[in-house]
Amino acid sequence: MLLLLGRRVPLSFVHRLTTCCPSSLPRPVLLSSALIKLRALTRVTHRTVFVSAAGQNTGTMPERRPFVRLPTDVYPVNYGLCLKPDLIDFTFEGKLEALVEVTQATNQIVMNCADIDIITASFVPQGGEEINATGFNYQNEDEKVTLSFPSTLQKGSGALKIDFVGELNDKMKGFYRSKYTTSGGEVRYAAVTQFEATDARRAFPCWDEPAIKATFDIALIVPKDRVALSNMNVIDRKPYPDDENLVEVKFATTPTMSTYLVAFVIGEYDYVESQSSDGITVRVYTPVGKAEQGKFALEVATKTLPFYNDYFSVPYPLPKIDLIAIADFAAGAMENWGLVTYRETALLIDPKNSCSSSRQWVALVVGHELAHQWFGNLVTMEWWTHLWLNEGFASWIEYLCVDHCFPEYDIWTQFVSADYTRALDLDALDSSHPIEVNVGHPSEVDEIFDAISYSKGASVIRMLHNYIGDEDFRKGMNAYLLKFQHKNASTEDLWDCLEQASGLPIAAVMGSWTKQMGFPIIVVDQEQQGDDRILKISQKKFCASGPHNGEDCPSWMVPISICTSEDPKCTKLKVLLDRPETTITLSGVSTDQWVKINPGTVGFYRIQYSSAMLESLLPGVRDLSLQPVDRLGLQNDLFSLSRAGMISTVEVLKLMEAFVNEPNYTVWSDLSCNLGVLSSLLSHTDFHEEIQEFIRDLFTPIGLELGWDSKPGEGHLDALLRGLVLGKLGKAGHKPTLEEARRRFRDHVEGKQVLPADLRSPVYLTVLKHGDSATLDTMLKLHKQADMQEEKNRIERVLGAISAPDLIQKVLNFALSEEVRPQDTVSVIGGVAGSSKHGRKAAWKFVKDNWEELYNRYQGGFLISRLIKLTVDGFAIDKMAAEVKSFFESHPAPAAERTVQQCCENILLNAAWLKRDADDIQQYLLQRKAPPV
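Calculation criteria
Residues numbered from 1 in each chain as written. Predicted model: local features only at pLDDT ≥ 70, side-chain atom pairs only at ≥ 80, totals over all residues. Heavy atoms only, no water. Helix = DSSP H or I, 4+ residues; strand = E, 2+ residues; numbered from the N terminus. Buried < 20%, exposed > 50% of the residue type's maximum accessible area, 1.4 Å probe, protein only. Areas by Shrake-Rupley, 256 points an atom, 1.4 Å probe, with all protein chains shown as cover. Expected span 1.5 Å × (residues − 1). Contact = heavy atoms within 4.5 Å. Pairing = 2+ DSSP bridges. Axes fitted to C-alpha atoms, helices over the stretch in contact; angles between N-to-C directions. Phe/Tyr/Trp six-rings, centres within 6.5 Å; stacked < 30°, edge-to-face > 60°. Lys NZ or Arg CZ within 6 Å of the ring centre and 35° of its normal. Parallel < 35°, antiparallel > 145°, perpendicular 65-115°, else oblique. Left-handed = near helix turned anticlockwise from the far one by under 90°. Salt bridge = Lys/Arg side-chain N within 4 Å of Asp/Glu carboxyl O. Nonpolar A, V, L, I, M, F, W, Y, C, P; charged D, E, K, R; others polar. Disulfide = S-S within 2.5 Å. Polar contact = N/O pair within 3.5 Å; in protein donor to acceptor, adjacent residues only side chain to side chain.

A. Seen up close, the overall build of the chain. When you go through the chain residue by residue, the secondary structure sums to 28 helices and 31 strands. The dimensions of the chain, computed from C-alpha atoms along their principal axes, are 100 × 65 × 60 Å. The burial tally for the chain puts 62% of its 933 residues in the buried class. Total accessible area on the chain stands at roughly 33900 Å², and carbon and sulfur atoms take up 51% of it.

This is how it looks when you write it as structure tokens:
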């Protein structure tokens, strides 16, 4: 699954047992509406209700919930599943006939089940008489149901039959409804699924744990004018006898797989189709009339499948793969085997109206989800503790794949800004967590879909790949996939395979990165002895509040590489730092050469150089002899050290001024992010305008050089850089940029000259930031007229830039209106909070005032965490941390507990930073403009 984790991306911006397939099921009983109305009664009769911790106002954060995995006395071999959704009343009927194995005699079967009412259940032992269940005991809090039988079910095979009903909910999880509008303006609904992590149980009673794999025979009874899709290809489609408007669609038996990867979609779609070079049918399904917008993703997918086939040396095991755009979708995408679901903005590209950053985003998301078809789907983590293996790996290899398909994207430099530095920032907090976390209850599982599992996971795999080398890494991956295909594995299993392939101590090295939270700061000093450079290197834990000075300081096995100015791209020496400190001799390094640790910025650590070493590296920033990724890493490390109080922020501002000749998009993008953080921090002072002036001075030369219009021979990165720079200048109030943005906006609105897609975000942002109510009304009109979700999102993300308090309120109200899709409300509120001091206060008040509605909408997923983080992370006053903590003590959000702790910690860190450095920053900003004496 790919989350929209708010990457640090600036504005420019997934054995056949035929005895029980649905054909042998009795036809689904058409349950009368009276029976559906009786569901409440069924609930009362059978449910043992447990009041949830979240439902009680206990005044403290709930403790970890006690949690027990499902018993192992009965397990499924094959699910025969037939579902009949009602797209008008938003209910569905289901029949399950599961072939199961009873491993020890029992008179009850415990399964997962949530928001489903069981009508009847029975068990038929092989060759025996049917035994009807006499009670269904629902444990709501644990999302389980216990079926009780009047006599003992003996060891051996049997069929479990269950008739049930459920609701097509509007919560974007389980089997849910997704709203869309036809070209004629009629509102309709598709029925779609999102099961990861623990929501298959909302669609059918099942053993909803990743290690309990089975095969699936799925049948769907749907309106005959709708498209019906599932993981496998259709093998039969015939009229449904009881209603001439319906058809029964049957799908081929799946391979052995986990429940969270099952999927079905019923709706109206067009598609484009192709064959990959290895013979797999690839289709991209789009909203009706938009098939053209599926072509880019189709091209990426058909290149990507053979790339992974070759990289893993294991063929893709299904006959087809479908990629489909879903209107209402909480995540970025979901890797369901053979039927990958996406947000529209993560799949659809309009050649005329999509910007470069959208194309890049689609390429990365497609790469991520297709990697999961092997890594996650073919071999699945044994339990959610090992989720990071799935997500960290896919978040790393998506870049490898995009680099293969689009070398001109310079994507690995972007990885450092988008994933690596973001993971370092989060992992420096005391409220971070190790990559591997013991989780139990579903709400704890939701919590670990975060930047540690994804971005830190990807960063340590990148470091590992670099440490082992590509050849041995691929050998180990192939051994792992072959050994565990159609099975489950843990982190240690992967280390074993990589260790055997490389002969290196992988488990020992990697254990220090996955089992403990945090990372080291590498402190470096040097002295010259003749022609030798002697380096003294030590490690200690890096904390966002400063270096760890306590006793029991953790340590890491750190792969360290070193280069010199003689060849900045080539590693001169590699060592494994497996102790607190060491001394290294580099021979043949003359006094005039600089020495750089961590070339390529691959090792997951921060570096603190002695002042002399740092001085010697600065010319490499100005004359560009340091690689772009290392110029970026150097600046990012120093920025992070200043936030931690280890150096003055003024030192970083001085370094930033050395980037005036910088040509690289990603380096500017990272600078821009850090200046954004600083600008947000200084919005709490009375010299906010001075930092805007600093930003204008820094970005004006590159802005003049790039100009507004693309030039012949420019590529992808030039387009990204232009959008970034103009947006930064416009937001900071650079007059010529503001005037030109207003002129172009007027022409765009009047239809004289449509803005190129790459200029829309910066222009919209600039005119709104310095706009009035008429500007906002025009923008909302453009939003209403936009036919493409990308354009709607583009506008939604910048609406918060408006300055007037009454207009800020109007934007916040708009966020919860019908005009904004539920998954996008979060980015509108976040845009308000991130734009100004007033916006931050207003957004926080709005979230508190509308908490019930927002929590009801997002409670079980990562969107609630994202909402909280975007709203409160920017405060910088101690008492705000107490206010945030107190609000969530009385309004618990179990899936966001850790996020709340991290936000409170960030607020306190911001406040300390401001107290410590504000005066010095102000002095520096004022004196740099003073005339020389």
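B. Representation of helix α24 (residues 837-849). Its 13 residues give α24 an end-to-end C-alpha distance of 19 Å, which sits within 8% of 18 Å, the value for a rise of 1.5 Å per residue. Three or more residues of α24 are buried, namely Gly839, Arg840, Ala842, Ala843, Trp844, Phe846 and Val847. Tucked into the core, α24 has its buried residues touching α15 (665-682), α22 (805-815), α23 (825-833), α25 (851-858), α26 (862-872) and α27 (878-890).

C. Molecular detail of the sheet that holds strand β30 (residues 595-597). The three strands lie next to each other as β28-β27-β30, forming an open sheet whose pairing is antiparallel. Here the strands that pair on one side only, and so sit at the sheet edges, are β28 (573-577) and β30. This sheet shows a mean twist of 25° between the axes of neighbouring strands, independent of strand direction. Pairing geometry for strand β27 (residues 558-564) and β30, over three bridges, is antiparallel. Directly across from Ile562, in β30, lies its bridge partner Ile597.

D. Inspection of the packing of aromatic side chains at higher detail. Across all of its chains, the model carries 47 aromatic pairs by this definition. With a centroid separation of 6.4 Å and 80° between ring planes, the pair formed by Trp513 and Phe604 is classed as edge-to-face. Residue Trp513 is located in helix α11 (residues 506-514), and its partner Phe604 is located in the loop between β30 and β31 (606-609); the two are separated by 91 residues in the primary sequence. One exposure class covers both Trp513 and Phe604, and it is buried. The ring centre of Phe67 lies 5.5 Å from the NZ or CZ of Lys144, which sits over that ring. Sitting above the plane of the Tyr420 ring, Arg462 keeps its charged end 6.0 Å from the centroid.

E. Structural detail: the sheet that holds strand β20 (residues 333-334). Read across the open sheet, the five strands follow the order β17-β18-β19-β21-β20; overall the sheet is mixed. With one partner strand each, in any of the chains shown, β17 (270-275) and β20 form the two edges of the open sheet. In this sheet, strand β19 (residues 320-326) lies alongside strand β18 (residues 281-286) in parallel orientation, the contact comprising five bridges. Paired with Val284 across the strands is Leu323, a residue of β19.

F. Just the packing of helix α16 (residues 688-706) against helix α17 (residues 716-731), in detail. Put simply, α16 and α17 touch, their axes get as near as 9 Å, and they point 140° apart. Between α16 and α17, the interaxial angle falls into the category oblique. Handedness of the crossing formed by α16 with α17: left-handed. Residues Ile695, Arg696, Phe699, Thr700, Ile702, Gly703 and Leu706 of α16 lie in contact with α17, whose contacting residues are Leu721, Arg722, Val725, Lys728 and Leu729.

G. Geometry of the pattern of salt bridges. Applying the stated rule across the entire model yields 55 salt bridges. In this structure, Glu143 engages Arg201 in a salt bridge whose closest nitrogen and oxygen atoms are separated by 3.0 Å. Highlighted residues: Glu143 in the loop between β7 (135-139) and β8 (144-153) and Arg201 in the loop between β11 (187-194) and β12 (215-223), separated in sequence by 58 residues. Arg201 sits in the buried class, given a relative accessible area of 4%. The residue Arg283 makes a salt bridge to Glu273 at a minimum N-O spacing of 2.9 Å. Of this pair, Arg283 sits in strand β18 while Glu273 sits in strand β17, placing them 10 residues apart in sequence. Its relative accessible area of 24% is what places Arg283 among the partly exposed residues. Of the residues examined, Glu273 reaches a relative accessible area of 41% and is grouped as partly exposed. Each of Asp115, Glu143, Asp199, Arg201, Arg202 and Asp208 takes part in salt bridges that share partners, so that together they form one network.

H. Quick peek at the packing of α22 against α24. At their nearest, the axes of α22 and α24 sit 10 Å apart, and the two run at 40° to each other. With respect to α24, the element α22 is oriented oblique. Between α22 and α24 lies a crossing whose hand is right-handed. Residue-level contacts link Pro805, Ile808, Gln809, Leu812 and Asn813 of α22 to His838, Gly839, Ala842, Ala843 and Phe846 of α24. Of the residues in the contact of α22 with α24, the class split is six nonpolar, four polar and no charged.

I. View of unusual backbone geometry. Cis rather than trans, the peptide bond between Glu196 and Ala197 has omega equal to 10°. Here Ala197 shows up in the loop between β11 and β12. Its identity as a non-glycine residue notwithstanding, Asp115 has a phi of 55°, on the positive side. By the secondary structure assignment, Asp115 is in the loop between β4 (106-112) and β5 (116-125). Non-glycine residue Ser313 carries a positive phi angle of around 55°.

J. Representation of the environment of Ile868 in the model. With respect to the helices and strands, the residue Ile868 is situated in helix α26. Accessibility expressed as a relative area gives 2% for Ile868, which makes it buried. Expressed as a C-alpha distance, the spacing of Ile868 and Asp403, which sit 465 residues apart in the sequence, is 34 Å. Residues in contact with Ile868, not counting those within four places in the same chain, are Trp851, Asp873, Phe888, Ala896, Thr899, Val900 and Cys903.

K. Fine view of the pairing of β12. Taken across its nine residues, β12 has eight buried, putting it largely inside the fold. Where strand β2 (residues 74-86) lies against β12, six bridges are found, and the strand directions are parallel. Note on β12: the bridge partner recorded for Gly80 is Asp217. For β12 and strand β15 (residues 246-251), the ladder comprises five bridges, and the chain directions are antiparallel. Along β15, the bridge assignment pairs Val222 with Val247.

L. Just helix α3 (residues 295-312), in detail. Helix length check: α3, at 18 residues, gives a terminal C-alpha distance of 26 Å against a target of 26 Å (1.5 Å per residue), a fit within 8%. Taken across its 18 residues, α3 has 14 buried, putting it largely inside the fold. Positive phi shows up at Ser313, right after α3, with a value of about 55°.

M. Local environment of the state of the cysteines. Counted according to the given criterion, the structure contains zero disulfides. Take Cys401: it sits in no disulfide, and the sulfur closest to it among the cysteines is that of Cys405, at 4.5 Å. For Cys401, a relative accessible area of 1% puts it in the buried group. Not part of a disulfide, Cys673 finds its nearest cysteine sulfur in Cys355, a span of 16 Å. Note on Cys673: relative accessible area 18%, which makes it buried.

N. Region of the structure containing the side chain of Thr514. On the secondary structure map, Thr514 appears in helix α11. Residue class for Thr514 comes out buried when judged on its relative accessible area of 0%. Sequence-distant contacts of Thr514, defined by excluding residues within four places in its chain, comprise Trp388, Pro434, Ile435, Glu436 and Trp495.

O. Region of interest: the side chain of His372. With respect to the helices and strands, His372 occurs in helix α4 (residues 356-372). A relative accessible area of 0% means that His372 is categorised as buried. Here Met1 takes part through its backbone nitrogen, which lies 3.5 Å from a polar atom of the side chain of His372. A distance of 3.1 Å separates polar atoms of two side chains, one belonging to His372 and the other to Glu391.

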